[in-house]
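# Coordinates in review
Here is what each chain is made of, one letter per residue.
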Amino acid sequence: MNNSICLIRHGETDWNDLGKIQGRTDIPLNSKGKIQAKETSSYLMNRRFDLIITSPLSRAKETGEIINRALQLPIYTMDKFIERNYGDAEGLTREERAQNYVNGQIPNLERIEDLQERIVSGLKDIIQSYPNKKIILVAHGAVINAILALLSDSKIGSGKTKLLNACISNLEYKQDRWKVKDYNQTTHLTK
């Protein structure tokens, strides 16, 4: 079995611009985010893909839909790639989180182990449902970071890589093993 996944972080939102953590709060793309999605679409236009999968949150779905205007692929939503639930920290800036949660204990925060379990299950679902396909997966920073952390042997797997909006990371699945080919690619973006 041979799969490839082109991971794309959604385009920018107003909360990204303000430095607020979004989590499951459903914030739409802003005008810059829509431009980023169009630039990503142009960049991917000459590559062959079979389908697009997005998180159910509007910022990821809209990014996928904008990308798909040029590609015209089947597009699906998978709940397993929804952003991490940041609980009571959602809507807060880094400074506000540091002030409100001095000990780092955020009420209602999704445990990293639960996030990783959900993502591994989602990757298995992709392999089983779409064998030998080239897939675009539009998701979120914490989700993509967790994927990179789980599949990588190096520092990119730390889970702390600052993934830019609309960045591209590529995975390959061959001989029952995932491999990170590249990550956080942004040369296609002007903004």
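Note: the structure precedes this text.
Residues numbered from 1 in each chain as written. Predicted model: local features only at pLDDT ≥ 70, side-chain atom pairs only at ≥ 80, totals over all residues. Heavy atoms only, no water.

## Notes on the pattern of salt bridges
Enumeration according to the criterion identifies 10 salt bridges in this entry. For Arg111, the salt bridge identified is with Asp114, shortest N-O distance 3.2 Å. Given a relative accessible area of 34%, Asp114 falls into the partly exposed group. For the salt bridge of Glu172 with Lys181, the shortest nitrogen-to-oxygen distance reads 3.8 Å. Where salt bridges share partners, they join Arg24, Glu110 and Arg118 into one cluster. (Salt bridge = Lys/Arg side-chain N within 4 Å of Asp/Glu carboxyl O. Buried < 20%, exposed > 50% of the residue type's maximum accessible area, 1.4 Å probe, protein only.)

## As for the packing of helix 5 (residues 112-129) against helix 6 (residues 141-151)
For the pair helix 5 and helix 6, the least separation of the axes is 10 Å and the interaxial angle reads 80°. Between helix 5 and helix 6, the crossing angle belongs to the class labelled roughly perpendicular. Contact residues: helix 5 offers Leu115, Gln116, Ile119, Val120 and Leu123, while helix 6 offers Ala142, Val143, Ala146, Ile147, Leu150 and Leu151. Each residue belonging to the contact of helix 5 with helix 6 can be placed in one class, and the counts come to 10 nonpolar, 1 polar and no charged. (Axes fitted to C-alpha atoms, helices over the stretch in contact; angles between N-to-C directions. Helix = DSSP H or I, 4+ residues; strand = E, 2+ residues; numbered from the N terminus. Parallel < 35°, antiparallel > 145°, perpendicular 65-115°, else oblique. Contact = heavy atoms within 4.5 Å. Nonpolar A, V, L, I, M, F, W, Y, C, P; charged D, E, K, R; others polar.)

## So, the nonpolar core
The biggest cluster of nonpolar side chains holds 27 residues, and the ones touching the most others in it are Ile5, Phe81 and Leu171. When residues of this core are traced back to their parent elements, those giving at least two are strand 1 (2-9), strand 2 (51-54), helix 5, strand 4 (134-139), helix 6, strand 5 (168-174) and strand 6 (177-185). In terms of residue count, the dominant contributor to this core is helix 6 (6 residues). When near neighbours in sequence (up to four residues on either side) are disregarded, Leu171 contacts Asn3, Ser4, Ile5, Leu7, Ile147, Leu148, Leu151, Trp178, Lys179 and Val180. One finds Phe49, Ile67, Leu71 and Leu73 within the second-largest nonpolar core, a separate group that totals 12 residues. (Core = buried A, V, L, I, M, F, W, Y, C linked by side-chain atoms within 4.5 Å.)

## Let's talk about the packing of aromatic side chains
Counted according to the given criterion, the structure contains 2 aromatic pairs. Arranged with centres 4.9 Å apart and planes meeting at 55°, the rings of Tyr173 and Trp178 form a pair that is tilted. Residue classification places Tyr173 among the buried residues on the basis of a relative accessible area of 10%. Exposure remark for Trp178: the relative accessible area of 13% places this residue in the buried category. (Phe/Tyr/Trp six-rings, centres within 6.5 Å; stacked < 30°, edge-to-face > 60°.)

## Quick word on the environment of Glu83
Within the fold, Glu83 resides in the loop between strand 3 (75-77) and helix 4 (94-100). Relative accessible area serves as the criterion here: at 8%, Glu83 is assigned to the buried category. For Glu83 and Ser55, which are 28 residues apart along the polypeptide, the C-alpha to C-alpha distance reads 7.6 Å. When near neighbours in sequence (up to four residues on either side) are disregarded, Glu83 contacts Gly23, Arg24, Ser55, Leu57, Arg59, Glu110, Arg118, His140, Gly141, Ala142 and Val143.

## Overview of the state of the cysteines
Tallied over the full model, the rule gives 0 disulfides. Cys6 carries a free sulfur, and the closest cysteine sulfur to it, the one in Cys167, is 9.8 Å from it. Note on Cys6: relative accessible area 1%, which makes it buried. Cys167 sits in the buried class, given a relative accessible area of 0%. (Disulfide = S-S within 2.5 Å.)

## With respect to the environment of Leu164
Position of Leu164 among the secondary structure elements: in the loop between helix 6 and strand 5. Sequence-wise, Leu164 and Glu12 are 152 residues apart; in three dimensions their C-alpha atoms are separated by 8.8 Å. Beyond its immediate stretch of four places on either side in the chain, Leu164 contacts Arg9, Asn184 and Thr186.

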